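Residue-level structural notes
Here is how the chains run, residue by residue.
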Amino acid sequence: MSDKIIDPSTLLPVIDAIVKRTMRMDMTWDWPCGVAYYGIGQAYTATGNEEYLNLLKDRVDEYMELGLPGWSVNACAMGHAMITLYEATNDTKYWDVALSKLDYLRNNALRFGDKVLQHTVSSKNDFPEQAWADTLFMAAYFMLRAGVILKDEDLKNDALNQYYWHIKYLQDPVGGLWYHGYDNLTGGHMSGFFWGRANAWAAYTMSQVGRVLPEWYLYPQTLDVIGSTNEQLSTLKLLQTEDGLWRTLLDDPGSYEEVSASCGIAAAMASRGNPLHRKHIKAALDGVLKNIAPDGKVMNVSGGTAIMRDREGYRSISRDWIQGWGQGLALAFLATVLRMVNAAGTSSAL
């Protein structure tokens, strides 16, 4: 596998198809849209294709004209698109929305313990004192990106504090995999399974810390991020299936292969740049491409998943429908691979 040559031009039509199919989806301003449009932003920055930026801009402008909802932690995922649009256009209306989200996260979002953001999907107290891996993508990574732009040390440290405590609460110290969630009221992990997409949220967002944070080595919390990522990826590579993918329950041979988790995990490997992972990235790329329909639909993506009561609950989540997070994580993976091979030269093996 590692001897095959990757021509970046072969990825461009696939990226294009996924972007176009994603823009046909009628998503509202929430986390599925936030992940999907993050992926389109990554496609734009990796390819330089202005059409992707314009598609994103037109849709966000339409949303803003119709009126935006109230914020939740999960709805702050759309902050990623606001950063991309602001950086590309210098139009402050996008930055103002991002600042509104940051104000919510700093001053109104529910927290517990050492100022850890509680997982919320609405204005209600959805999951009292629960930490979910999702929050790293929806909020912590967004806060870190914004903190770098603002040169706001308090915001950067708040973001890194989220990483630190999510690592402490959610990562298994023995095997390095991540649990889906943690309940601070009971001190346990509820059903206690190693859910694939939770590990993707963790691995991918942790892989980005050193890429977006200048002089990351001067922030002590990043040492935990690096250590956590290394432990996690060293175990994840052993759980990759023969098809190059990862299962919805990572260590359960009876659970199905799930493409959004596979994209997030493989994107983390590609972002980290460890040469020992190249064969795993290549296998994942082969597996993911087989799960992208000609019209750009990313297939075999599990639906929105609560912390299920038992193993069968996870195994039974539908994977029949197009999902914003599947589209977005696939674009993030393919954009990362594109940058990787472009940086190495088109004649380099992946």
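Our subject in this report is the structure included herewith. None of the values given here were measured: they were computed from a predicted structure.

What to know about the pattern of salt bridges
Under the criterion given, the structure shown has 15 salt bridges. One salt bridge connects Asp295 with Arg21, and the closest N-O pair in it is separated by 3.6 Å. Residue Asp295 is located in the loop between helix 11 (278-289) and helix 12 (311-315), and its partner Arg21 is located in helix 1 (residues 8-23); the two are separated by 274 residues in the primary sequence. Take Asp295: its relative accessible area is 38%, and that puts it in the partly exposed class. Look at Arg21 and you get buried, because its relative accessible area is 14%. Across the pair Asp61 and Lys57 runs a salt bridge whose closest N-O atoms are separated by 3.1 Å. Of this pair, Asp61 and Lys57 both sit in helix 3 (residues 50-66), 4 residues apart, which is roughly one turn of that helix. Assessed through its relative accessible area of 26%, Lys57 is described here as partly exposed. Linked through salt bridges whose partners overlap, the residues forming this network are Asp252, Arg311, Glu312 and Arg315.

Looking at helix 3
One full turn of an α-helix is made of 3.6 residues, so residues set three or four places apart face in the same direction. End to end, helix 3 covers 24 Å across 17 residues, agreeing with the expected 24 Å (1.5 Å per residue, within 8%). Every buried residue of helix 3 is accounted for by Tyr52, Leu53, Leu56, Arg59, Val60, Asp61 and Tyr63. Residues of helix 3 that are buried sit in contact with helix 1, helix 2 (31-47), helix 4 (79-89) and helix 5 (92-107). The backbone nitrogen of Glu51 lies 2.9 Å from a side-chain oxygen of the residue at the head of helix 3, namely Asn49. Gly67 occupies a position one or two residues after helix 3 and carries a positive phi of about 110°.

Focus: the packing of aromatic side chains
Taken as a whole and judged by the stated rule, the model has 19 aromatic pairs. With a centroid separation of 4.3 Å and an interplanar angle of 5°, the aromatic rings of Tyr169 and Tyr182 are classed as stacked. Linking Tyr169 in helix 7 (residues 153-170) with Tyr182 in strand 4 (residues 181-183), this pair joins segments that are 13 residues apart in sequence. Here Tyr169 falls in the buried class, since its relative accessible area comes to 11%. A relative accessible area of 12% means that Tyr182 is categorised as buried. When the ring of Trp216 is compared with that of Tyr217, the centres are 5.7 Å apart and the planes differ by 75°; the resulting orientation is edge-to-face.

So, the side chain of Asp252
Mapped onto the fold, Asp252 is located in the loop between strand 5 (246-247) and strand 6 (257-258). When its relative accessible area of 4% is taken as the criterion, Asp252 is described as buried. Of the polar contacts made by the side chain of Asp252, one reaches the backbone nitrogen of Gly254; its length is 2.9 Å. Residues within four places of Asp252 in sequence aside, it is in contact with Arg247, Arg311 and Arg315.

Observations concerning the environment of Thr248
In this structure, Thr248 sits in the loop between strand 5 and strand 6. Once the C-alpha coordinates of Thr248 and Val301 are considered, the two residues, 53 residues apart in sequence, prove to be 9.4 Å apart. Filtering out sequence-adjacent residues up to four positions away, Thr248 remains in contact with Phe194, Trp195, Gly196, Ser255, Tyr256, Glu258, Ser302 and Tyr314. Polar side-chain contacts of Thr248 include one of 3.4 Å to the side chain of Trp195.

Structural notes on helix 6 (residues 134-150)
The terminal C-alpha atoms of helix 6 lie 24 Å apart, and with 17 residues this matches the ideal 24 Å at 1.5 Å per residue to within 8%. Bending of helix 6 peaks at approximately 30° at the position of Ala140. For helix 6, a buried count of 15 out of 17 residues is recorded, marking the element as mostly surrounded by other parts of the structure. Of the residues trailing helix 6, Lys151 is marked for its positive phi of about 55°.

About the cut-offs
- Residues numbered from 1 in each chain as written.
- Predicted model: local features only at pLDDT ≥ 70, side-chain atom pairs only at ≥ 80, totals over all residues.
- Heavy atoms only, no water.
- Salt bridge = Lys/Arg side-chain N within 4 Å of Asp/Glu carboxyl O.
- Helix = DSSP H or I, 4+ residues; strand = E, 2+ residues; numbered from the N terminus.
- Buried < 20%, exposed > 50% of the residue type's maximum accessible area, 1.4 Å probe, protein only.
- Expected span 1.5 Å × (residues − 1).
- Contact = heavy atoms within 4.5 Å.
- Polar contact = N/O pair within 3.5 Å; in protein donor to acceptor, adjacent residues only side chain to side chain.
- Phe/Tyr/Trp six-rings, centres within 6.5 Å; stacked < 30°, edge-to-face > 60°.
- Bend = angle between axes of the 7 residues up to and from the residue.

As far as function goes, none of this settles anything; it's purely spatial.
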